[in-house]
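# Breakdown of the fold
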Amino acid sequence: METTSDRLLWMYRTMVEIREYEETMAKVYLEGKLPPKIQKGLAFDIGAGPAPGEMHLAAGQEPVAVGVCAHLRKEDTVVGAHRSHHFAIAKGVPLNAMTAEMFGKVTGLGRGKGGHMHLFDPEHKFSCSGIVGAGAPQACGAALAARKLGKDWVAIAFFGEGAANQGAFHEALNLAALWQLPVVFVCEDNKYGISVEKGDSTAIASNADRAAGYGMPGVLVEKNDALAVFEAAGVAIDRARRGEGPTLIEVKTDRYYGHFQGDPETYRPKGEVKELREHDPIPALGGVLRAQGLLDDARDAELRDAIKAKVQAAFEFARQSPYPDVAEAHQHVFAD
Amino acid sequence: MTTQHKSRTLTMAQAISEAIGQEMERDERVFVMGEDVGKYGGIFSATTGLYERFGKERIMDTPISETAFMGAAIGAAAEGLRPIAELMFVDFFGVCFDQIYNHLAKNTYMAGGNIKLPAVVMTGIGGGYNDAAQHSQCLYASFAHMPGMKVVVPSNAYDAKGLMVEAIRDDNPVVYCYHKGIMGLSWMSYFEGSTNEVPEEAYAIPFGKARVVREGTDVTIVTLSQMVQKAVLAADLLANEGISAEIIDLRTIVPLDTETVLASVAKTGRLLVADEDYLHFGLSGEIAALVAEHLDSIRLHAPVRRLAVNAVPIPFSRPLEQHVIPQVDGIVAAVKAQLATPIGL
Ligand SMILES: Cc1ncc(C[n+]2csc(CCOP(=O)(O)OP(=O)(O)O)c2C)c(N)n1
Ligand SMILES: [Mg+2]
């Protein structure tokens, strides 16, 4: 991505791809999970259908993923959390293997053993986990390794505002600042940790303010806007690459779906999501591109068609792929 | 069970929240802390309706800070309160285990009995719905392994209520493990046997009293939690083939009702332990060792068998997950194999 216009287009395309992916997953996830095909009396069966288990979707949070990853190289490390499809896509994790993983198929990233919360792609240096707060220290380790190996690679830890109350997060910040590690902590404030509003979990308004307590810059991105994230992340990542240490960025972003698919969302004010969707960051960036002559209706339709086809192909690949043989259950506990 | 009082059919989740609510009414020292226990009513509905009744001072949503609220439970318990701290999934104990095993479990002992910690750690366990390696474990044996914690693992609503009442009234730390797949949630398939008649009034079930779920003569199946429900289905299938299985639901593993287990195995001469926790260094080995230590008074007709998760994390992929977690057909097969394998020599 040489020029700024390349990056702008990449961000737009990637946001469209993430949204398409999440919206497709939202539907496919429900296949087989609803009455009448499930146990009598149930409204929903989490363990049924082609993609069973929990499903945390990131629609609405695309600006965080693309604004940061637009600055990354393949050698840079990204560590996500439970809601990580957007980061994976923006880091270049192949859709086919990622989708197959969420279907539990042998062609998946982890041969079907990890699942949606546990995506590992060493080639694209991406991983994520279901333990809230666990990623930040691991990103420090990747950053430490880069330095020990004499590389100018950086590591990004993505996590939610809920995770910023975990001890692991605070320990990681101190470690990163103490050792001046090339790591950037990116907190997605989507206002909720499951049902708990930020104001009911966190004593201060902005996690960016916490950075001062650890001796690193803290930046608050107030708008769910790809360009704003792009700008803040650019400064932080350049700084990390130059060996000048870590930064903490918090982005105010929006969660369009429930915490997980099937979440009754009774804790959420009626109409909130509708209101949030009125500030959709994708058309907003599209507008910027149009103003610069980088996008028009024809081009938009063309790229959306291509993305639809790519996403459909990934789900088709996942559906067609075989499950692992049950004997595989006993393999890979240890490395060969 | 007193029959003159009213009872109705409740899910295990309803029974647990009813028990907590009744104890909160009875004793104002009781309160609940945990993630999403308030407005949401608990991810697995163990606190549904309590926030509306008792308010946010007694049903406290916490930040995602397990070490902080687990430690706070210890501090509050030492002051004489009776906290219930919900660890949403037992798998998350890793985040806060120091508070649990180095402090909650040991302080009474280290204080020479001068401190009481009447805290309940309530937690969701188990797999079967494809939540993969970090959200599907049982781990109750890990708590039981370390001295100082009572460990409760109910299999049905009636027991769940009585054991929760006992847990809250107990002056010691109690780890209360509910299996997600028997809570009777509207969004997860479950075993109907776990939803049963529950009296309206509060009642306590003493710890350390296993329940003989079903009497039998050919084999003793020692089990607990969701696996009890699987064992019942397996015993039905076995009965069709003329095999009579006795099922022991341990209900609590600390304290462990050794008498009931030993008496049953002495009667049947065969022991199968059916467990959803990890196989090695855990519950099934403990029960097998118990029987081995009493072979002076027990004559086994077949080697002991164990079914549990055999040395692998819980895989996500559905067929793999169903394969590593013992199922009804696995219990049936294990019993038949046992009947076909007499003691050697
Ligand atoms: C250690 C740990 N505690 C609790 C949970 C349960 N849990 C999963 S996601 C979540 C909320 C996370 O909120 P946030 O960090 O804001 O991320 P978001 O879901 O909003 O993306 C919770 C409590 C967990 N997975 N791990
Ligand atoms: Mg959040």
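Since the structure is predicted, the reported quantities are computational estimates derived from the model, not experimental observations.

Cut-offs applied
Residues numbered from 1 in each chain as written. Chains lettered and ligands numbered in written order. Predicted model: local features only at pLDDT ≥ 70, side-chain atom pairs only at ≥ 80, totals over all residues. Heavy atoms only, no water. Helix = DSSP H or I, 4+ residues; strand = E, 2+ residues; numbered from the N terminus. Rg over C-alpha atoms; globule rule 2.2 N^0.38 Å. Buried < 20%, exposed > 50% of the residue type's maximum accessible area, 1.4 Å probe, protein only. Contact = heavy atoms within 4.5 Å. Areas by Shrake-Rupley, 256 points an atom, 1.4 Å probe, with all protein chains shown as cover. Lys, Arg positive; Asp, Glu negative; His and termini not counted. Charge placed at Lys NZ, Arg CZ, Asp CG, Glu CD. Pairing = 2+ DSSP bridges. Axes fitted to C-alpha atoms, helices over the stretch in contact; angles between N-to-C directions. Domains from an automatic or database assignment. Buried area = accessible area lost by both parts, 1.4 Å probe. Salt bridge = Lys/Arg side-chain N within 4 Å of Asp/Glu carboxyl O. Polar contact = N/O pair within 3.5 Å; in protein donor to acceptor, adjacent residues only side chain to side chain. Nonpolar A, V, L, I, M, F, W, Y, C, P; charged D, E, K, R; others polar. Phe/Tyr/Trp six-rings, centres within 6.5 Å; stacked < 30°, edge-to-face > 60°. Lys NZ or Arg CZ within 6 Å of the ring centre and 35° of its normal. Near = heavy atom within 4 Å. pLDDT = per-residue confidence, 0-100. Donors = N, O, S within 2.8 Å, 3.2 Å for Na, K, Ca; no water. Expected span 1.5 Å × (residues − 1). Right-handed = clockwise from strand over helix to strand, strands pointing away.

### Quick notes on the overall build of chain A
A tally of helices and strands in chain A yields 11 helices and 9 strands. For chain A, the C-alpha radius of gyration of 20 Å lies close to 20 Å, the compact-globule estimate for 336 residues. Overall, the C-alpha framework of chain A stretches about 55 × 50 × 40 Å when taken along its three principal axes. Residues classed as buried in chain A amount to 59% of the 336 residues present. Sequence separation of at least 24 residues holds for 74% of the intrachain contacts in chain A that already meet a minimum separation of 6. By element, 55% of the accessible surface of chain A is carried by carbon and sulfur atoms, the whole surface being about 13400 Å². A distance of 2 Å separates the average location of the 37 positive side-chain charges in chain A from that of its 45 negative side-chain charges.

### Notes on the overall build of chain B
The secondary structure content of chain B amounts to 12 helices and 14 strands. Relative to the 2.2 N^0.38 estimate, which gives 20 Å for 345 residues, the radius of gyration of chain B is 20 Å and therefore close to what a compact globule would have. Dimensions of chain B, computed from C-alpha atoms along their principal axes, come out at roughly 65 × 45 × 45 Å. In chain B, which comprises 345 residues, the share counted as buried stands at 59%. Within chain B, contacts between residues at least 6 apart in sequence are counted, and of these 82% link residues at least 24 apart. About 12600 Å² of surface is accessible on chain B, with carbon and sulfur atoms providing 53% of the total. A distance of 3 Å separates the average location of the 27 positive side-chain charges in chain B from that of its 40 negative side-chain charges.

### Details of the sheet that holds strand β10 (residues 219–223) of chain B
Residue and element names in this part refer to chain B. The mixed open sheet is built from 5 strands, whose spatial order is β9-β11-β10-β13-β14. Edge positions in the open sheet fall to β9 (211–214) and β14 (305–309), since each of these has one partner strand only. With direction set aside, neighbouring strand axes in the sheet form an average angle of 25°. The pairing of β9 with strand β11 (residues 245–249) spans 3 bridges and is classified as antiparallel. Bridging across to β11, R214 finds its partner in I247. Against the sheet, helix α9 (residues 258–268) makes contact with β9, β10, β11 and β13 (271–278), and its axis sits at roughly 175° relative to β11, the strand it touches most.

### A closer look at the domain arrangement of chain B
Residues and elements named next belong to chain B. Its domain assignment divides chain B into domain 1 (9–199) and domain 2 (211–339). For domain 1 and domain 2, the distance between their C-alpha centroids amounts to 26 Å. Together, the buried faces of domain 1 and domain 2 total about 2400 Å²; carbon and sulfur atoms form 56% of this surface. At the junction of domain 1 with domain 2, the criterion picks out 2 salt bridges. As a salt-bridge pair, D159 and R251 come within 3.0 Å of each other at their nearest N and O atoms. Inspection of the region where domain 1 meets domain 2 yields 24 residue pairs in polar contact (both at pLDDT 80 or more). Of all the secondary structure elements, the ones that give two or more residues to the side of domain 1 that touches domain 2 are α6 (140–145), β6 (150–152) and α7 (157–169). In the side of domain 1 that touches domain 2, the residues fall into 17 nonpolar, 12 polar and 3 charged.

### Side note on the sheet that holds strand β9 (residues 247–252) of chain A
Residues and elements named next belong to chain A. Taken in spatial order, the 7 strands line up as β2-β3-β1-β4-β5-β9-β8 in an open sheet, and their pairing is mixed. At either margin of the open sheet sits one strand with a lone partner, and together these are β2 (120–121) and β8 (218–221). Here strand β4 (residues 155–160) runs beside strand β5 (residues 183–189); their pairing, made up of 6 bridges, is parallel. The residue of β5 that forms the bridge with I156 is V184. Of the strands in this sheet, β1 (77–79), β4, β5 and β9 touch helix α2 (residues 62–69), which is tilted by about 170° from β4. Most of the contacts of helix α5 (residues 135–148) go to β4, to which it runs at about 175°, and overall it touches β1, β4 and β5.

### Quick notes on the packing of aromatic side chains
Within the structure shown, the criterion is met by 17 aromatic pairs over all chains. Taken together, a centroid distance of 4.2 Å and an interplanar angle of 20° make the contact between B:F93 and B:F97 stacked. Within this pair, B:F93 and its partner B:F97 are both found in helix α4 (residues 93–104), separated by 4 residues, close to a single helical turn. One exposure class covers both B:F93 and B:F97, and it is buried. By way of ring pairs, the aromatic residues A:F260, B:F44, B:F89, B:F92, B:Y178 and B:W187 are connected into one cluster. Directly above the aromatic system of A:Y29 lies the positively charged group of A:K33, at a separation of 3.8 Å from the ring centroid. The ring centre of A:Y323 lies 4.9 Å from the NZ or CZ of A:K105, which sits over that ring.

### Quick word on the site of ligand 1
Around ligand 1, 22 residues are found, and the nearest of them are A:H82, A:R83, A:G130, A:Y192 and B:E66. Two or more chains meet at ligand 1, and those chains are chains A and B. Interatomic distance of 2.8 Å between a backbone N/O atom of A:G162 and an oxygen atom of ligand 1. The side chain of B:E66 places a nitrogen or oxygen atom 2.5 Å from a nitrogen atom of ligand 1. Across the shell around ligand 1, the residue classes tally to 9 nonpolar, 9 polar and 4 charged.

### Considerations on the confidence of the model for chain B
Counting all residues, the mean pLDDT for chain B is 97, and 99% of those residues have values of 70 or more. With pTM at 0.97, the complex prediction returns an ipTM value of 0.97.

### Regarding the coordination of the magnesium ion (ligand 2)
Residue and element names in this part refer to chain A. Surrounding the magnesium ion (ligand 2) are the protein donor atoms E161 (OE), N190 (OD1) and Y192 (O), at 2.1 Å. Spacing between the donor residues of the magnesium ion (ligand 2) along their common chain follows E-x28-N-x1-Y. On the accessibility criterion, Y192 (5% relative accessible area) is buried.

### Thoughts on helix α1 (residues 12–26) of chain B
All names here are of chain B. Taking 1.5 Å of rise per residue, the 15 residues of α1 would be expected to cover 21 Å, and the 21 Å separating its terminal C-alpha atoms lies within 8% of that figure. The buried count for α1 comes to 11 of 15 residues, which makes it a mostly enclosed element. Along α1, the positions that sit buried rather than exposed are M12, A13, A15, I16, S17, E18, A19, I20, G21, E23 and M24.

### What about the side chain of A:H71?
All names here are of chain A. Within the element layout of this structure, H71 appears in the loop between α2 and β1. One polar contact links H71 to R7, side chain to side chain, over a distance of 3.3 Å. H71 has contacts with R7, D76, F230, A233, G234, I237 and R241, leaving out every residue within four places of it along the chain.

### Some details on the pairing of β13(B)
All names here are of chain B. Counting buried positions over the 8 residues of β13 gives 7, a clear majority of the element. Relative to β13, β10 is paired through 4 bridges, and the arrangement is parallel. What sits directly across from V222, in β13, is V273. In terms of strand pairing, β13 meets β14 through 4 bridges, oriented parallel. When the bridges of β14 are listed, Y278 appears paired with V309. Note on the crossover from β13 through helix α10 (residues 283–292) to β14: the handedness is right-handed.

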